[in-house]
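# Geometric and topological summary
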Amino acid sequence: LPDIVPGAPGQYIEVTSRPNERLKKDSLGSSGVELLRYDTETQDGVTTEHATLFATAQGLGRLRAKVQQFENENTADREKDGQVIPGRPRNADLVQSMAAIVEAGLRALWRGPQEKFPAADGSVFWEIWLEPSRAAAFIAQAAAMQVEIGADRLDFPEDIVVVGRATQAALALAVRRSGSVRALA
């Protein structure tokens, strides 16, 4: 699992399922881990699921613990219809459904069609969906991270949406340092 950048409130991670298997996304969302985006992709007859998560240090620790429990602990044996069924690794359904866990990039937060993701190297406009409790801090720090925030904003109960202008590199740094971004469009 990726480590949290020192001083950052958490880490954006992307979890990918094994080919043609369902990702146990309900088991991913625990205290300190928030599911931001979930997507299914089929290519050449192979279906893969992707989940984008934001994990606090506590949440990342819990996810690491689940993986370690899978490696080191088994559930207790149980009896069914007079036969003993051996225990299996803890958290097996979750861990065995995952093919990869990596640090999420901007594309993992993108809500629009992937072909509409900005390809330009220069500064472009982004619709930035922010966590309401951290929106003011992001907006206040944006200029220092070379992200220009427009004056208009939309307030929803679960998100605050602003338009910003930035390069991909500048926005990626702002996203990583702030932990405020829930989605991009």
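Cut-offs used in this document
Residues numbered from 1 in each chain as written. Predicted model: local features only at pLDDT ≥ 70, side-chain atom pairs only at ≥ 80, totals over all residues. Heavy atoms only, no water. Helix = DSSP H or I, 4+ residues; strand = E, 2+ residues; numbered from the N terminus. Contact = heavy atoms within 4.5 Å. Salt bridge = Lys/Arg side-chain N within 4 Å of Asp/Glu carboxyl O. Buried < 20%, exposed > 50% of the residue type's maximum accessible area, 1.4 Å probe, protein only. Core = buried A, V, L, I, M, F, W, Y, C linked by side-chain atoms within 4.5 Å. pLDDT = per-residue confidence, 0-100.

## With respect to the side chain of threonine 48
With respect to the helices and strands, threonine 48 occurs in strand β3 (residues 46–55). Residues within four places of threonine 48 in sequence aside, it is in contact with Thr16, Ser17, Asp39, Thr40 and Glu41.

## A look at the pattern of salt bridges
Within this structure, the stated rule accounts for 10 salt bridges. Across the pair arginine 153 and aspartate 155 runs a salt bridge, and its minimum N-O distance is 3.0 Å. One network of salt bridges, in which partners are shared, links Glu34, Glu131, Asp159 and Arg182.

## Description of unusual backbone geometry
Look at aspartate 44: it is not a glycine, yet its phi comes out positive at around 55°. Even without glycine at this site, asparagine 91 takes up a positive phi of about 60°. For asparagine 91, the location among the structural elements is in the loop between β5 (83–85) and α3 (92–97). Note on asparagine 91: relative accessible area 26%, which makes it partly exposed.

## Regarding the nonpolar core
With 27 residues, the main nonpolar core has Tyr12, Trp126, Ile128, Leu171, Val181 and Leu184 as its most contacted residues. For this core, the secondary structure elements donating two or more residues are α4 (106–109), β7 (124–130), α5 (132–142), β9 (160–166), α6 (168–178) and β10 (181–184). Residues Val15, Leu28, Leu53 and Ala55 belong to the second largest nonpolar core, which totals 13 residues.

## Here's the deal with the confidence of the model for the chain
Per-residue pLDDT for the chain has a mean of 93; in total, 100% of the residues score no lower than 70. Element-level pLDDT for the chain is lowest in helix α1 (residues 25–28), with a mean of 82, against a maximum mean of 98 in β9.

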